[in-house]
Structure formats: C-alpha cells, structure tokens
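Here are the chains, one letter per residue:
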Amino acid sequence: MHTSPSSRPGLRAGPAAAPVPRGGSTPPDSRGGRRVETYAHRGSSGMAPENTAAAFARAIAEGADYVETDVQLSADGELVIIHDVTLARTTDARRVFADRPPWNVHDFTLAELKKLDAGGWYAAEFSGQHILTLDELLDLLGDRVGLNLELKSPAVNPGLAQAVVARLRRRRDWIAPGARPRPLIVGSFDEQALREVHTRLPDVPVSLISYDVPASGRLADLAGWIFSVNPDIRRLRPEDAARVTEAGMALVPWTVDSPELWRWALDLGVDGMITNYPSALTDLLHGRAPVRGAAGVVIEDIRHRSPGDGAGEHAVLRNVSDQPVDVGSWYLRNQASDRIVVGDGHVIPPGGLLRVHTGPGTDGATAFWNSTHGDSAGLHRADGAIVDLYAYVIRAGGDTEKGRRPRRRPPLDPLVS
Ligand code: G3P
Ligand code: CA
C-alpha cells in the first residue's frame, strides 16, 4: 500500500507501508477502509470533450480526486493542454487552417491555437471550448482537485520537461510540500523526462505511465523515486499488480471504464483508477446505486468482430425493464470518444434486444470498436445522461476476456433491428 503523495512518496522505497489515512470529507470505499482514488482521464471525458474547461469542471463537480491531463508545447513555447500530437481529432483545425496539414500542435502558435474550437467535435452543445494553457488549467482547478499532469510525447516536444519545471517554479502554490489538499503529480511514458522533473523538483511526485508493468529489476530501481506506476488495465496481470504494490509504489491503471473492470481492479489492490467516467466510479466506490440499468436498458454485448452472421460490428442493447423504452437519439461512445447515435423510432419492448450497427464488420481502421486491445462503451440517453458502461478486454492471441464481463450472452433473436 502506498502512502499519500503529500508524504513525499518519491523518496519512499522498500516494502509496502501501512496505509496513511487521508484528510477531507470523502468517505473511504468499502474495502476495509482503504482509500481508492478517482482520476478523471482528460477530465470527465465520457461526458464532455476531453481536456477542456467543461470536462475539468465536470470532473470536479463529480467528485474526482484528481484530474488527469496532457501538456505539450506550442510553436512559440507555450504550454498547452491537449492529448494528440495533432489538432485534427479534437479541434476544427482542418477547417480553420485547411492549408496546414498535418496540423501538428507544435507547428501552431498559442494565438493560432486559441482560434480553434475544441468542443464542437464532441457535441454541438460544447462548441466554444478552447485549448487551455497550463496556467489557465491551474487557475481553473485551484485547490479543488489534485492534478496528474502527463508530459505528452516529449520526443516530439523537445524541452517539454524543462518548460514545465520552469512554469511550476513560478507556481509555488502548486508544488510546495503540503500546500494543497491533493498534490500535483507529474506523469509520463518517458522515464528520462520524469528524471528531469524529479531532479529539479524532488518534492513533486512522479508517475510512470506504461503499457506493461516494468520487469522486477527495473521496478526496484524505480521504487526509489517513482510515486506511482500507471499500467494499461487491459494488460495488467494480478502478479504484476502485486509486484508494484510490494515494491512500495502506488498502482493506478488506465483507462478503467466499467463496473466489472473497476471491481476487478479493486480486487487487484489498486490505489486509484484513471477513468473517463469519474462520477460512476465514485458512485461505485461509495456504495451508491450503480449506473447499470439506470434507464431500463443495458449494453448486453459488443460484437467487435464480424460475428459471421452478416451483421457486422454492432452493440446489443437489452431492455431489462417491464416497460417499452424509446431509445431514439440515445448514443454510444467508445473509449476514444467516437459517438454512434441510435436512430429515431427505435422502441425496445420489455426484455427485447436492439442491435446497434457500429461499423463495417471488419477489423480495419474504420472499425468502431477496438479489436486489438479491447474497448469500452458508454450508453447515453438523448440528454447525455449515462445509463450503462461496458468494457471488454482482448488477450494476446485475440481471445476476448469474458471473465471481466460476466454477462449472459443473449440469443440473437428477436432483435428489433
Ligand atoms: O495516465 C495514463 C493515460 O493518460 C495514458 O494514456 O493516451 O490517454 O494519455 P493517454
Ligand atoms: Ca494522458
């Protein structure tokens, strides 16, 4: 079990320490009083456009312990909050700067970046959101929430770690030990970048993001200065989770987006989870009503490969209530925030199923569901409320992990559509 970041975890090494009770008004979860923390991945990105003020404000309102986000450099050396190294997916750069493909973030000045809309791609109601600077983000968050700041792609943002250090030195209110209810944590896939931060700001906890948990020899070295390890939940094995905990570091996997995965991760002894749906995770941790079936309809299954019946890729919704449910204009989001809207006029009878076609039925680049590692789905009503979450994990060799989603596989008839 790790200690709280505010107790200088970066300097702690060796066997697991006793849990340190946290302050604040949030009650412990139901696992023997151990506190598991909620990290809002790119803000509350299942409910609002990632890495925008809307997503961060929502994460705070939903009770997240930390906001996780990504920082890069603009062409004129400003620190800006965006995940992808290009602007194409999450802004209207293709339209505003049509002659400047491939729209790399670091090719645009801050003034140019500020001309872009960073919310309309997600849903029309979020038009007008803009790319934030790091300073704007810090001002927005204040001391209402912790911050897990990822140095995104230092290889294509040379000088990023040094720039972040310089900026944080001018924001002592964010890095002074004990100055905040929850600290600033700096994360990266890039160990060298983390080293640079740790050397210059030894009081700031750092987190190593990875796909797999590092080998034991390397893990022992990391334990001397790394606060937490952030592995991909879909590749995390119980024995690897135990190695992180036994080495004395916090275990905070990404991106964990369904009740089944949350419970599975809790059983592994995680210290926190990075999720696109912090509200639903917080509800689960606090023993409140689960999201599943909140509006009478659940995601029964996702067929991420062509199932051989000609249906192509699709999701199956089930009405688990005793009333017909009109799901017209409801929508599904995958983990990458792509959206598929259910057409108008679809009413699922009690106990009935609806097949929602989501892709061409191939595993190619145009497939909606991820067939390499697995994916997650959020089912939203037309008003945006989340009513179910579903995740699947694809193991090496291509087998879908069913143990983490123990739901009965339905017959394919009768399907409404
Ligand atoms: O914090 C880990 C997670 O954010 C890494 O994935 O691609 O969302 O930055 P990504
Ligand atoms: Ca990130």
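Residues numbered from 1 in each chain as written. Chains lettered and ligands numbered in written order. Predicted model: local features only at pLDDT ≥ 70, side-chain atom pairs only at ≥ 80, totals over all residues. Heavy atoms only, no water.

Okay, empty space enclosed by the protein next. Left-over empty space is what a probe sized like a water molecule reveals as it rolls over the atoms. The tally for this structure, following the rule as stated, stands at four cavities of 30 Å³ or more. Taken as a whole, the second largest cavity encloses approximately 60 Å³ of empty space. Surrounding the second largest cavity, Glu50, Asn51, Thr52, Ile81, Ile82, Thr90, Thr91, Ala118 and Ile131 form its lining. Split into classes, the residues belonging to the lining of the second largest cavity amount to four nonpolar, four polar and one charged. (1 Å grid on protein atoms, 1.4 Å probe; cavity = no way out; pocket = protein on both sides within 12 Å on 5 of 7 lines; lining within 4 Å. Points joined across faces, edges and corners; volume = space filled by probe spheres on them. Nonpolar A, V, L, I, M, F, W, Y, C, P; charged D, E, K, R; others polar.)

Next up on the list: the confidence of the model for the chain. Keep in mind that low pLDDT regions are not for reading the predicted coordinates in detail. Considering every residue of the chain, the mean pLDDT works out to 87; 84% of them sit at 70 or more. Low confidence marks residues 6–31, where pLDDT is under 50. Its contacts with residues over four positions away, or in another chain, come to 56 contacts. Confidence drops under pLDDT 50 across residues 402–417; counting only partners more than four residues distant or on other chains, this segment forms 52 contacts. (pLDDT = per-residue confidence, 0-100. Contact = heavy atoms within 4.5 Å.)

It is worth spelling out the coordination of the calcium ion (ligand 2) at this point. Surrounding the calcium ion (ligand 2) are the protein donor atoms Glu68 (OE), Asp70 (OD) and Glu150 (OE), at 2.1 to 2.3 Å. Along the chain, the residues donating to the calcium ion (ligand 2) fall in the pattern E-x1-D-x79-E. (Donors = N, O, S within 2.8 Å, 3.2 Å for Na, K, Ca; no water.)

Let's shift gears to the nonpolar core. General note: in soluble globular proteins, nonpolar side chains tend to be found buried as a group. Membership of the largest hydrophobic core comes to 70 residues, with the highest contact counts inside it found for Leu141, Leu147, Leu151, Val186, Met249, Trp262 and Met273. Residue contributions to this core peak at six residues, all from helix α10 (residues 259–268). Of the domains in this structure, domain 1 (37–285) and domain 2 (294–406) are the two that each give at least three residues to this core. Membership of the second largest hydrophobic core comes to 22 residues, among which are Val297, Ile340, Leu354 and Tyr392. (Core = buried A, V, L, I, M, F, W, Y, C linked by side-chain atoms within 4.5 Å. Buried < 20%, exposed > 50% of the residue type's maximum accessible area, 1.4 Å probe, protein only. Helix = DSSP H or I, 4+ residues; strand = E, 2+ residues; numbered from the N terminus. Domains from an automatic or database assignment.)

Another aspect to go through is the site of ligand 1. Taken together, the neighbourhood of ligand 1 is formed by His41, Arg42, Glu68, Asp70, His83, Glu150, Lys152, Phe189, Ile209, Trp254 and Ile274. In the environment of ligand 1, an oxygen atom lies 2.7 Å from a nitrogen or oxygen atom belonging to the side chain of Arg42. For ligand 1, an oxygen atom lies 2.9 Å from a polar atom in the side chain of Glu150. Considering ligand 1 on its own, with 290 Å² of exposed area, one finds that the protein chains cover 92% of that surface. The site holding ligand 1 turns out to be the largest pocket. Class assignment of the residues belonging to the shell around ligand 1 gives a composition of four nonpolar, two polar and five charged. (Near = heavy atom within 4 Å. Polar contact = N/O pair within 3.5 Å; in protein donor to acceptor, adjacent residues only side chain to side chain. Areas by Shrake-Rupley, 256 points an atom, 1.4 Å probe, with all protein chains shown as cover. Sits in = over half its atoms within 2 Å of the grid points.)

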